[in-house]
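Structure at a glance
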Amino acid sequence: MSKGSFYFQTYGCQMNEHDSEIMAGLLADQGYTPTDQRDEADVIIINTCCIREKAEHKVLSLLGELRGQIEADPNKVVAVCGCMVQQEDIVPKIRKACPHVKLIIGTHNFHRIAEYIDRIRETNETICDIPTEELLIEEALPTMREYPFKAFVNITYGCNNYCTYCIVPYVRGKERSRDMVDILNEVRALVADGVKEITFLGQNVNSYGNDLDDPEAHFPGLLRAADQIEGLERIRFMTSHPKDLSQELIDVIADSRHICHYIHLPVQAGSSRILQRMNRRYTKDHYLALVEAIRKAMPEAALTTDIIVGFPGETEEDFQETLDLVERVGFDNAFAFAYSPRAGTPAEKMTNQIPLEEKKDRLARLNDLLAKWSLKKNQAYLGKTVKVLVDGVSKSNDRVLSGKTDTGKIVLFTGNEEAIGTLADVQVESAQTWILKGKRVK
Ligand code: 5AD
Ligand code: SF4
């Protein structure tokens, strides 16, 4: 018999999504059942993000929303986990938004979730356990994957880069790499279980193995080994730090059978002066040289990026350097953000914080340019036949399937649900800013 139902509300990046998949696996393993109805769930787990202030606001407002529901049903357990709770001073804010939160659990010990929820349901106690030290990497945890045919695989945890705006090193700890044997065994097991596409995850996948004794354990080597696994159709990875992206890595991708010709390479800013203030440890010219090397080896590769506008001290001239870089690279897609001060980071204390209105104005101008490039890049696909991994039906019409090219383009086409999880050849008939549409030819 089920011990009760659980519901996950996950904010933030793919690491968080994957952590939720593991926590769901652990709960299912202990006899709980998933539900997609939040209001009916016995246990609601909120996996939080704190990369920008907005992410925190979303969590606090959800907790406020849940408050009435929990007061009406004291048996309901609300748990809060993830990056946000690793910050000092956040627990009182959580308690204020929702005094009935029963479990607060950090990023280094979330694998104890099922044990804690069992205890709370037995004794009705409140548990708050937030270790600040990184614990040993747990292997072979059960996972409840969102898709049967694609999967995330962690390769590193934490980050050592300390970009001056970023809170991640403080909430995720120092960089730790998994053993290559463990990673490859996990990939083989996933493939045996029907997975066709894997995404290697790390804050900076390029520095994979730097903390290991094994001289063979480095990112190009890991990719090369994964590329040999029979039955695996696609390998993706994120995120790459430009300071560590080597020619060897570019060559491995170009020469591989299954590594997608798609690189997410966050530039953050186009001005070398701002890049230095951000502690990114590369210049605009270095980034442009990397793009040239990628395009030389793989002319059709897609490039996407992250950009922050309004970093402290960013002048209009600095911002123009960002627009210039975007024009020169021509990104397929990009995530642009207004700089958000994060407590405890060096940039928060810098003078010359940019007014919100100015940040918004720069963000709007940048987004216009990014959209123009996205459309232009999509238009280059018109008439071409692309291979997509079909991942679901379109939200608005269940006769329309949605799939992704190896370059990460979303393609919509008519078909039926049986094709989900398979590879299909689709001829592109129309190109919009964010999607392609076409007809299946094979
Ligand atoms: N403000 C705005 N954007 C940020 N990012 C990280 N920290 C901040 C911040 N304080 C962005 C970066 C990173 C992405 C995941 O989030 O662009 O690459
Ligand atoms: Fe944050 Fe920089 Fe680490 Fe990325 S590389 S997680 S931006 S500190």
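As the structure is a prediction and not an experimental result, all values here were calculated from the model.

Here we take up the overall build of the protein. Helix and strand content of the protein: twelve helices and 19 strands. On C-alpha atoms alone, the protein measures out to a radius of gyration of 22 Å, which is about the 22 Å that the 2.2 N^0.38 rule sets for 442 residues. Its C-alpha atoms give the protein principal-axis dimensions of about 65 × 55 × 50 Å. Taken across its 442 residues, the protein has 55% of its residues classed as buried.

One open sheet holds the three strands; their spatial order is 12-13-14, and the pairing between them is parallel. Both edges of this open sheet fall to strand 12 (262-264) and strand 14 (333-338), since each of them pairs with a single strand only. Taken over all neighbouring pairs, the strand axes of this sheet differ in orientation by 10° on average, direction set aside. Taken together, the three bridges between strand 12 and strand 13 (residues 302-309) define a ladder with parallel strand orientation. Its bridge partner being in strand 13, Y262 is matched across the sheet by A302.

Cis geometry is adopted by the peptide bond preceding T239, which originates at M238 and carries an omega value of 15°. Topologically, T239 is positioned in the loop between strand 11 (234-238) and helix 8 (247-255). Of note, the phi angle at D89 is positive, near 75°, even though the residue is not glycine. Taking relative accessible area as the criterion, D89 reaches 62% and is therefore assigned exposed.

Working definition of a disulfide: a covalent bond connecting the sulfur atoms of two cysteines. Taken as a whole, this structure holds zero disulfides when the rule is applied. The thiol of C98 is unpaired, and the distance to the nearest cysteine sulfur, on C128, comes to 14 Å.

This part is about the side chain of S340. Here S340 is to be found in the loop between strand 14 and helix 12 (356-379). A relative accessible area of 12% means that S340 is categorised as buried. If we skip the residues at most four places from it in the chain, S340 touches R52 and E53.

Before going further, it helps to spend a moment on the nonpolar core. Counting residues in hydrophobic clusters, the biggest one holds 71 residues, and the most contacted among them are F200, F219 and L223. Core analysis: the next-biggest nonpolar cluster, separate from the first, contains 28 residues, Y11, C49, V101 and I167 among them.

In the vicinity of ligand 1, the residues found are I51, R52, Y165, Q268, D306, I308, F337, A338, Y339, S340 and R342. Contact between ligand 1 and Q268: an oxygen atom at 2.6 Å from a side-chain N or O atom of the residue. Between ligand 1 and the protein, one listed contact pairs a nitrogen atom with a backbone N or O atom of S340 at 2.8 Å. Every element with two or more residues in the shell around ligand 1 is listed here: strand 13 and strand 14. The residue inventory of the shell around ligand 1, partitioned by class, reads six nonpolar, two polar and three charged.

Conventions adopted
Residues numbered from 1 in each chain as written. Chains lettered and ligands numbered in written order. Predicted model: local features only at pLDDT ≥ 70, side-chain atom pairs only at ≥ 80, totals over all residues. Heavy atoms only, no water. Helix = DSSP H or I, 4+ residues; strand = E, 2+ residues; numbered from the N terminus. Rg over C-alpha atoms; globule rule 2.2 N^0.38 Å. Buried < 20%, exposed > 50% of the residue type's maximum accessible area, 1.4 Å probe, protein only. Pairing = 2+ DSSP bridges. Axes fitted to C-alpha atoms, helices over the stretch in contact; angles between N-to-C directions. Disulfide = S-S within 2.5 Å. Contact = heavy atoms within 4.5 Å. Core = buried A, V, L, I, M, F, W, Y, C linked by side-chain atoms within 4.5 Å. Near = heavy atom within 4 Å. Polar contact = N/O pair within 3.5 Å; in protein donor to acceptor, adjacent residues only side chain to side chain. Nonpolar A, V, L, I, M, F, W, Y, C, P; charged D, E, K, R; others polar.

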